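Examining the three-dimensional arrangement
Chain by chain, the residues run as shown.
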Amino acid sequence: GTFSATSFWKEATKYFNQVCLPSCNVDFQSINATKDVARSYTYKPAMDDNLYVAWGILLNGSNALVNPIKSVIATSFTFQSLPESICPYSKDLCVPMPGMDFKEIAAGADYCTFKMGAEVVTAVGDIAASAFEGMGGSAMSGAATKNFGDWIGDFQRTIDSFIVVSVLSFLFGILFLVILRFTVGLCVWLAVGITILMFWIGGAFVFVLSGQCAGAGVFGTGQQVAVAIVVAGHAAVKNKANGVKGPSELLTAALNGTDYRGGQRRTTSGKSCLAWNDQTIMPMYNSTNYPSSGLNDSTTGASAFCRNPYNNGDAINAKTIWCVTSDVNMPWEECLPIGVIQPLCSHGYEITDAKMRVALYYSSFVIWVMGLIWVVVVICMVSRIRLAISLNKVAAVFLASNPCVLFVPIVQAPLACVWCLLWFLSASFLISQVPDSYTPKGYYATYAEAYGTSGSCAVWEFGEQCNGKPGACTNQWPTGSVWKDNICEVINGMTKCYRCAPPRYVFDFRFAVSFFVFLWNNAFNIALGQIVIACSCSTWFFLPQDEKWKTPTVLKSIKTVFRYHIGSVAFGSFIVAVVEFIRYCMYYLEKQAQAQKNRVLVLLLKVVQCCIWVFEKCIKFLNKNAYIQIALSGKNFCTSAKAAFFLILRNALRFGTIAALGGIIHCIGFFCICTATCVMGYFIVRGMHPDVSPGLPCICFGFVGYIVAKLFMGTFGLAVDTSLQCFIACEEMKLSGDFVPGCLKKFVTDYPEEKPKADA
């Protein structure tokens, strides 16, 4: 391969073993003298090496020829090994690289890179030693120092900017919700228009690909198709309006179009044609010189048509019709007969497969039909879209009047982080306890026997050549590794040197219990936030108009949830945790099947996981709406989940519309908040720290913007869903009055109050 700093470093560290040293500036000889019992290692080839027998003869023989070689082996092939307290491996793996010292990559990095020892510097000179150090440094130190040194240093120096931008990001989130209250209708209808436009653009793109000629660009082909369609449509409308039949567009390819007498006046790119008798760019092409080429219409006298002028005996003949244009950069250009949208490509097509071109051609019409259906759906659902817009406005008003509700996920986030950190610490302890019996202790003759083999086939291919074989060291997951021992086992003349190394972690029943608790706690934390926000929003929804901006609802909702509904939250989150746990169990079985090289079982388990994932999403959606029902009715989880299920069935189109438009608004929110945070952060960093590269700080700002957008849009989305159920409750229970938010008044029927009946 080519020689480079990266390849040099890779080869130099290929056989390094990581050990923990007191510091990078360490003297290995002094360590061996002061630590434990000094160890030494005399090199010898592995037992399966071809030199092993000859080396044994040299080492164990005794004669005048062998003795000098034995002396060389004892002196030049014997090395000091690090003590076992520093390097807990066999002594052959703990030999420091001769002639090499170490130095710290960067201050505080706690990682070492090599440098040449004093004896090497004396031998090769300072310049050569520096060059070798530089190659290793540029490969590892250059990247690591930049990543861990400069970047962390840049972040530390811009921590003040980070705090300022974090605060501004929250302000951007609030500002977005305020603006959204007044522009949500515009955003929704604009998004709907964009989706319709995307259907037509997508169909046109596929249609253009189906007829793209070899060497032609997509844009150029698309422009040609667009011009052909417009010209054909214009000609048809004009002829229909005038009550005439247009001229024949017959063009004989064998004659290169010299017989064409049609009415095309535009080139393939849409340029207007000049009259043959009036143009001065190519004056030789006129009706006098080419009387039989139709350059002058005998009826109208017009001559600004596409033609292919040709007289018998001409040495040059164009391949098709063309005309002279007024564009100085393109004095002439080819044309297509009116009505020809996709001409035949004489030099081949960009997509060479004819079946693929036909498939693309018909797919374009399918996409256009889908776009047409989408237009019909939008027209039929105008009232529901308007309702969804109003519900989004209601949610924005709720958050504006109760900004404290945003502190619910803010408080949840650090609590969840602390819980996850504690669980990770305990889980690390559990999974790191690898049983001694987990990995085989025997020796194996070949690497394939120890590690196994794998077939080199695609997912859809099957056959004997696709079936791999599991190895003795990798037949279960988590899999161990394979290493080659210098001390081998010889059985019946067969040398076996390959052994199994245990994995760094395993999963057992203790971890399964711990992991289920982790999933349950996470689901409980999410459910708790959902029901608190839902309870707060539903309480606010039914408050009179004059109290909506005065009465806080968050603290009251928290008290209500913890006093009456904590069991429902625990039960609902338990169901979610069980479904998630089953999906992860399927993943565990999939990894076991991969270790056993069972491709069929792997594919089957992937399908099962996909189905469970869909079921999990449905359960989470139902649970969220069940918590809203709990907030509205105060009933238990099972009753509320049943009510939510039938409520969704009765109002499927409304829920679907809210979900679709909610996704659009969420995308807009994420884009606006993240973009505003990054842009403002860039200018703040450049203003406060002009000497610092804004790369890493801007990445951090983008992450902060994403977290803030997730916080705001998640709370906003739950408020929209709660407002929808409150509206449906008003509709089904025939409730109306002053409490209905102004944005929804036009959708809520005013029901007259029932008067008490008089006694007979």
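Procedures and definitions
Residues numbered from 1 in each chain as written. Predicted model: local features only at pLDDT ≥ 70, side-chain atom pairs only at ≥ 80, totals over all residues. Heavy atoms only, no water. Helix = DSSP H or I, 4+ residues; strand = E, 2+ residues; numbered from the N terminus. Buried < 20%, exposed > 50% of the residue type's maximum accessible area, 1.4 Å probe, protein only. Contact = heavy atoms within 4.5 Å. Areas by Shrake-Rupley, 256 points an atom, 1.4 Å probe, with all protein chains shown as cover. Axes fitted to C-alpha atoms, helices over the stretch in contact; angles between N-to-C directions. Parallel < 35°, antiparallel > 145°, perpendicular 65-115°, else oblique. Left-handed = near helix turned anticlockwise from the far one by under 90°. Core = buried A, V, L, I, M, F, W, Y, C linked by side-chain atoms within 4.5 Å. Salt bridge = Lys/Arg side-chain N within 4 Å of Asp/Glu carboxyl O. pLDDT = per-residue confidence, 0-100. Disulfide = S-S within 2.5 Å. 1 Å grid on protein atoms, 1.4 Å probe; cavity = no way out; pocket = protein on both sides within 12 Å on 5 of 7 lines; lining within 4 Å. Points joined across faces, edges and corners; volume = space filled by probe spheres on them. Nonpolar A, V, L, I, M, F, W, Y, C, P; charged D, E, K, R; others polar. Polar contact = N/O pair within 3.5 Å; in protein donor to acceptor, adjacent residues only side chain to side chain. Phe/Tyr/Trp six-rings, centres within 6.5 Å; stacked < 30°, edge-to-face > 60°. Pairing = 2+ DSSP bridges. Expected span 1.5 Å × (residues − 1). Arc of directions from axis to C-beta.

**Regarding the overall build of the protein chain**
Check the secondary structure of the protein chain and you find 18 helices and ten strands. Counting every position in the protein chain, which comprises 760 residues, the buried fraction comes to 38%. Restricting the contact set of the protein chain to residue pairs at least 6 apart, pairs at least 24 apart contribute 69%. Accessible surface for the protein chain amounts to roughly 43200 Å². Of this, 65% is attributable to carbon and sulfur atoms.

**Some thoughts on the packing of helix α7 (residues 159-210) against helix α9 (residues 354-380)**
Where α7 meets α9, the axes come as close as 7 Å, and the angle between the chain directions of the two elements is 165 degrees. The pairing of α7 with α9 is recorded here as roughly antiparallel in orientation. For α7 against α9, the interelement crossing comes out left-handed.

**Considerations on the nonpolar core**
Within the largest apolar cluster, 71 residues are counted, with the highest numbers of intra-cluster contacts made by Val-188, Leu-391, Phe-541, Phe-716 and Leu-744. Elements that contribute at least two residues to this core include exactly α7, α10 (382-401), α13 (509-541), α14 (554-595), α15 (599-633), α16 (637-650), α17 (652-688) and α18 (695-732). The greatest single-element share of this core, amounting to 15 residues, is contributed by α18. When sequence neighbours within four positions are dropped, the list of residues in contact with Leu-391 reads Ile-658, Val-720, Ser-723, Leu-724, Phe-727 and Leu-744. Listed in part, the twelve residues of the second largest apolar core include Cys-306, Cys-323, Val-324 and Cys-335.

**Structural notes on the pattern of salt bridges**
Under the criterion given, the structure shown has eleven salt bridges. The residue Lys-620 makes a salt bridge to Glu-616 at a minimum N-O spacing of 3.0 Å. One end of the pair is Lys-620 and the other is Glu-616, both in helix α15 and four residues apart, which spans about a single turn. Across the pair Glu-731 and Arg-654 runs a salt bridge whose closest N-O atoms are separated by 2.6 Å. In this pair, Glu-731 is assigned in helix α18 and Arg-654 in helix α17, connecting sequence segments 77 residues apart.

**Some points on the confidence of the model for the protein chain**
Here the protein chain shows a mean pLDDT of 82. Residues at 70 or above account for 84%. A low-confidence stretch, residues 136-149 stays under pLDDT 50, and its non-local contacts, those more than four residues away or across chains, total 23 contacts. Here residues 754-760 is modelled with pLDDT under 50, and outside its nearest four sequence neighbours on either side it reaches zero contacts, counting other chains as well.

**Focus: the state of the cysteines**
Cysteine pairs can be linked by a disulfide, which is a covalent bond between their two sulfur atoms. What the rule picks out here adds up to five disulfides. A disulfide bridge connects Cys-306 with Cys-335, and the sulfur atoms are separated by 2.2 Å. As the torsion about the S-S bond is roughly -70 degrees, the Cys-306-Cys-335 disulfide counts as left-handed. Of this pair, Cys-306 sits in the loop between α8 (218-242) and β5 (322-324) while Cys-335 sits in the loop between β6 (332-334) and α9, and the two are 29 residues apart along the sequence. For Cys-700, which is in no disulfide, the shortest distance to another cysteine sulfur is to Cys-698 and amounts to 9.2 Å.

**A look at the side chain of Ser-538**
On the secondary structure map, Ser-538 appears in helix α13. The exposure class assigned to Ser-538 is buried, which follows from its relative accessible area of 4%. If we ignore the near neighbours within four places in the chain, the residues touching Ser-538 are Ala-631, Leu-632, Thr-722 and Cys-726.

**Focus: empty space enclosed by the protein**
The full count for this structure, using the stated rule, is two cavities of 30 Å³ or more. Taken as a whole, the largest cavity holds about 80 Å³ of empty space. Lining the largest cavity are 14 residues, with Val-227, Ala-228, Gln-264, Leu-336 and Val-340 positioned closest to its centre. A breakdown of the residues in the lining of the largest cavity according to their chemical character gives eight nonpolar, five polar and one charged. In this structure, the second largest cavity occupies an estimated 50 Å³ of space. If you go around the second largest cavity, the residues you meet are Tyr-438, Thr-439, Pro-440, Ala-472, Cys-473, Asn-475, Gln-476, Pro-478, Thr-479, Gly-480 and Pro-503. Partitioned by chemical class, the residues of the lining of the second largest cavity number six nonpolar, five polar and no charged.

**Section: the packing of helix α11 (residues 407-431) against α13**
Between α11 and α13, the least distance of the axes is 10 Å, while the angle of their chain directions is 180 degrees. Put simply, α11 runs roughly antiparallel to α13. By residue class, the composition of the contact of α11 with α13 is 16 nonpolar, six polar and one charged.

**Let's talk about the environment of Thr-268**
Along the chain, Thr-268 turns up in the loop between α8 and β5. Given a relative accessible area of 17%, Thr-268 falls into the buried group. Measuring from C-alpha to C-alpha, the distance between Thr-268 and Glu-333 comes to 7.4 Å, with 65 residues separating the pair along the chain. Each residue touching Thr-268, except ones within four places of it in the same chain, is listed here: Gln-223, Gln-224, Val-227, Glu-333, Glu-334, Cys-335 and Leu-336. At 3.1 Å, the side chain of Thr-268 and the side chain of Glu-333 are in polar contact.

**As for the packing of aromatic side chains**
Aromatic ring pairs are described here by two measures, namely the spacing of the ring centres and the angle between the planes. This model, assessed by the stated rule, comprises 43 aromatic pairs. Here the aromatic rings of Trp-322 and Trp-332 are separated by 5.8 Å at their centres, their planes lie at 75 degrees, and the arrangement is edge-to-face. Separated by ten residues along the polypeptide, Trp-322 in strand β5 and Trp-332 in strand β6 bring together distant segments of the chain. The exposure class assigned to Trp-322 is buried, which follows from its relative accessible area of 7%. Among the residues examined, Trp-332 registers a relative accessible area of 41% and is labelled partly exposed. Here Tyr-627 and Phe-637 contribute two aromatic rings whose centre-to-centre distance is 6.0 Å and whose plane-to-plane angle is 50 degrees, an arrangement assigned as tilted.

**Let's talk about the side chain of Thr-221**
Secondary-structure assignment places Thr-221 in helix α8. By relative accessible area, Thr-221 is classed as buried at 8%. Discounting chain neighbours no more than four positions away, the residues touching Thr-221 are Val-208, Gly-211, Gln-212 and Ala-216.

**Remarks on unusual backbone geometry**
Put simply, Trp-477 and Pro-478 share a cis peptide bond, and its omega is 5 degrees. Within the fold, Pro-478 resides in the loop between β8 (469-470) and β9 (481-491). The phi dihedral of Asn-256 falls on the positive side, at around 60 degrees, and the residue is not glycine. Along the chain, the position of Asn-256 falls in the loop between α8 and β5. Unusually for a residue other than glycine, Lys-597 sits at a positive phi of about 60 degrees. Tracing the sequence through the fold places Lys-597 in the loop between α14 and α15.

**Quick word on the pairing of strand β1 (residues 39-42)**
Moving residue by residue along a regular strand, the side chains alternate between the two faces of the sheet. What you see with β1 is a clean split: Arg-39 and Tyr-41 sit on the buried side and Ser-40 and Thr-42 on the side with no burial. The sheet contact formed by β1 and strand β2 (residues 78-81) spans four bridges and is antiparallel. Bridged to Thr-42 within β2 is Thr-78.

**Here's the deal with α16**
The periodicity of an α-helix, 3.6 residues per turn, causes residues three or four positions apart to be oriented the same way. An ideal rise of 1.5 Å per residue puts 20 Å on 14 residues; α16 measures up with 20 Å between its terminal C-alpha atoms. Every buried residue of α16 is accounted for by Phe-637, Ser-640, Ala-641, Ala-644, Leu-647 and Ile-648. For α16, the arc enclosing every buried residue in end-on projection is 125 degrees, short of the 170-degree limit, so these residues lie on one face. Seen from the open side of α16, the exposed residues pointing more than 90 degrees away from its buried face are Lys-642, Leu-649 and Arg-650.

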